[in-house]
Amino acid sequence: AQSVTQLGSHVSVSEGALVLLRCNYSSSVPPYLFWYVQYPNQGLQLLLKYTSAATLVKGINDFEAEFKKSETSFHLTKPSAHMSDAAEYFCAAQWGPGGGKLIFGQGTELSVKP
Amino acid sequence: DTAVSQTPKYLVTQMGNDKSIKCEQNLGHDTMYWYKQDSKKFLKIMFSYNNKELIINETVPNRFSPKSPDKAHLNLHINSLELGDSAVYFCASSQDRSQPQHFGDGTRLSIL
């Protein structure tokens, strides 16, 4: 079955440190891939998307992600964490037409220490 | 201008009641969705509509009935509410089925 796995339900970094959130997908067929952020009591906001063009994708707020087919991964990075980055991050995949169905990972809560 | 708006934001009710959640998008999108986020924050799709036509029904109990009066609106009606229905329900929309989805702020449903 197609699935998305995020390693680490909680990641803590210091302000100014590198942020790395991990995401792997299960299928040998590469999907479209997305990263979303959710702030408390809010909906999901799109950070970036991979749709089979460039493998290094740049998003909002200096986030970027690299698609690696050989590793079936789509890890999210940011060079320097800011306090305002503290939130829940979701990786999601979409395979084929599928009616637009997004399959989400379990989410990773990012904490940023001063 | 809110792109995807849901009402109500909070819904507290008793087991056995019937309730509805409304969703409207002003983005001109063709496709709309309902997702359920459980207490562990796991998100799962429930339904998807494209131009008012149901295209995904993800093995949701038939107590849940979506209705799309036009392509800008997708409402969710829930009959005979159960404790397990407590969750946050998100509405989303996209230009078409391959484009990124825009989410509303969610409706937090609590069953007493």
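Preceding this section is the structure that the text describes.
Residues numbered from 1 in each chain as written. Chains lettered and ligands numbered in written order. Predicted model: local features only at pLDDT ≥ 70, side-chain atom pairs only at ≥ 80, totals over all residues. Heavy atoms only, no water.

Help me understand the interface of chain B and chain A, please; the structure alone is not making it clear to me.
When the parts of a complex come together, some accessible area is lost, and that lost area is often used as the size of the interface. Chain B puts 23 residues into the contact, and the matching count from chain A is 22 residues. Taken together, both faces of the contact between chain B and chain A bury some 1,700 Å²; the carbon and sulfur share is 54%. Of all residues in chain B, Leu43(B), Pro100(B) and Phe103(B) give up the largest surface area on contact with chain A, accounting jointly for 27% of the area buried on that side. Run the count over chain B and chain A and you get 2 salt bridges. Measuring nitrogen to oxygen at the nearest pair gives 3.4 Å for the salt bridge that ties Glu88(A) to Lys41(B). Looking at the side of chain B that touches chain A residue by residue, the classes come out as 10 nonpolar, 6 polar and 7 charged. (Contact = heavy atoms within 4.5 Å. Buried area = accessible area lost by both parts, 1.4 Å probe. Salt bridge = Lys/Arg side-chain N within 4 Å of Asp/Glu carboxyl O. Nonpolar A, V, L, I, M, F, W, Y, C, P; charged D, E, K, R; others polar.)

Help me out: how do you make sense of the environment of Ala3(B) in this one?
On the secondary structure map, Ala3(B) appears in the segment before strand S1 (4–7). For the pair Ala3(B) and Leu54(B), spaced 51 residues apart in sequence, the C-alpha separation works out to 22 Å. (Helix = DSSP H or I, 4+ residues; strand = E, 2+ residues; numbered from the N terminus.)

Teacher, can you tell me more about the sheet that holds strand S3 (residues 19–25) of chain B here?
Whenever strands of a sheet pair, they do so through backbone hydrogen bonds, lying parallel or antiparallel. Residue and element names in this part refer to chain B. Judged by pairing direction, the sheet is antiparallel, and its 4 strands sit side by side in the order S1-S3-S8-S7 without closing on themselves. The sheet terminates laterally at S1 and strand S7 (64–70), the two strands that pair on one side only. Averaged over all pairs of adjacent strands, the angle between their axes in this sheet comes to 20°, without regard to strand direction. Note that S3 and strand S8 (residues 73–78) share 4 bridges and pair antiparallel. Across the sheet, residue Glu24 finds its bridge partner in S8, namely His73. (Pairing = 2+ DSSP bridges. Axes fitted to C-alpha atoms, helices over the stretch in contact; angles between N-to-C directions.)

Just to check I follow, could you spell out the packing of aromatic side chains for this structure?
A ring pair, where both rings are aromatic, is described by two values, the distance of the centres and the angle of the planes. Taken as a whole and judged by the stated rule, the model has 15 aromatic pairs over all chains. For the ring pair Tyr50(A) and Phe74(A), a centre distance of 6.2 Å and an interplane angle of 50° mean the geometry is tilted. Of this pair, Tyr50(A) sits in strand S6 (residues 44–50) while Phe74(A) is found in strand S9 (residues 73–78), placing the two residues 24 residues apart along the sequence. Phe74(A) matches Tyr50(A) in its accessibility class, with the two residues each being buried. The rings of Phe34(A), Tyr36(A), Phe90(A), Phe104(A), Tyr33(B), Tyr35(B), Phe90(B) and Phe103(B) are connected pair by pair, giving a single aromatic cluster. (Phe/Tyr/Trp six-rings, centres within 6.5 Å; stacked < 30°, edge-to-face > 60°. Buried < 20%, exposed > 50% of the residue type's maximum accessible area, 1.4 Å probe, protein only.)

Could you clarify how one ought to interpret the side chain of Ser93(B) in this entry?
All names here are of chain B. Turning to its location among the elements, Ser93 is positioned in strand S9 (residues 87–94). Judged by its relative accessible area of 0%, Ser93 is buried. For Ser93, the side chain forms a polar contact with the side chain of His29, separated by 2.8 Å. Apart from the residues within four sequence positions on either side, Ser93 is in contact with Val4, Gln25, Leu27, His29, Thr31, Met32, Tyr33, Pro100, Gln101 and His102. (Polar contact = N/O pair within 3.5 Å; in protein donor to acceptor, adjacent residues only side chain to side chain.)

Explanation requested: the nonpolar core in the structure shown.
For soluble globular proteins, nonpolar side chains are generally found buried alongside one another. Within the largest apolar cluster, 28 residues are counted, with the highest numbers of intra-cluster contacts made by Trp35(A), Leu47(A), Leu48(A), Phe74(A), Leu76(A) and Tyr89(A). Of all the secondary structure elements, the ones that give two or more residues to this core are strand S2 (10–14), strand S3 (19–21), strand S5 (32–38), S6, strand S8 (64–68), S9, strand S10 (87–94) and strand S12 (108–113) of chain A. Here the element with the most residues in this core is S10(A); it accounts for 4 residues. Excluding anything up to four places from it in sequence, Leu76(A) contacts Val19(A), Leu20(A), Leu21(A), Trp35(A), Leu47(A), Leu48(A), Phe63(A), Glu64(A), Ala65(A) and Tyr89(A). Core analysis: the second largest hydrophobic core is formed by 20 residues, Val4(B), Met32(B), Phe64(B) and Leu81(B) among them. (Core = buried A, V, L, I, M, F, W, Y, C linked by side-chain atoms within 4.5 Å.)

Explain the pairing of S5(A) here, please?
Residue and element names in this part refer to chain A. For S5, the tally of buried residues reaches 6 of 7 residues, placing the bulk of the element in the interior. As paired strands, S5 and S10 are joined by 7 bridges and run antiparallel to one another. In the sheet register, Gln38 faces S10, and the bridge partner there is Glu88. Relative to S6, S5 is paired through 6 bridges, and the arrangement is antiparallel. Pairing of Trp35 across the sheet is with Leu48, part of S6.

What am I meant to see in unusual backbone geometry here?
For residues besides glycine, phi is generally negative; the peptide bonds are generally trans as well. Note the cis peptide between Thr7(B) and Pro8(B), where omega equals -5°. Even without being glycine, Thr72(A) reaches a positive phi, approximately 45°. With respect to the helices and strands, the residue Thr72(A) is situated in the loop between S8 and S9. According to the relative accessible area criterion, Thr72(A) is partly exposed, its value standing at 24%. Positive phi values are uncommon outside glycine, yet Lys52(B) reaches one of about 75°. Turning to its location among the elements, Lys52(B) is positioned in the loop between strand S5 (43–50) and strand S6 (53–57).

The quantities given are spatial measurements derived from coordinates; they are silent on function.
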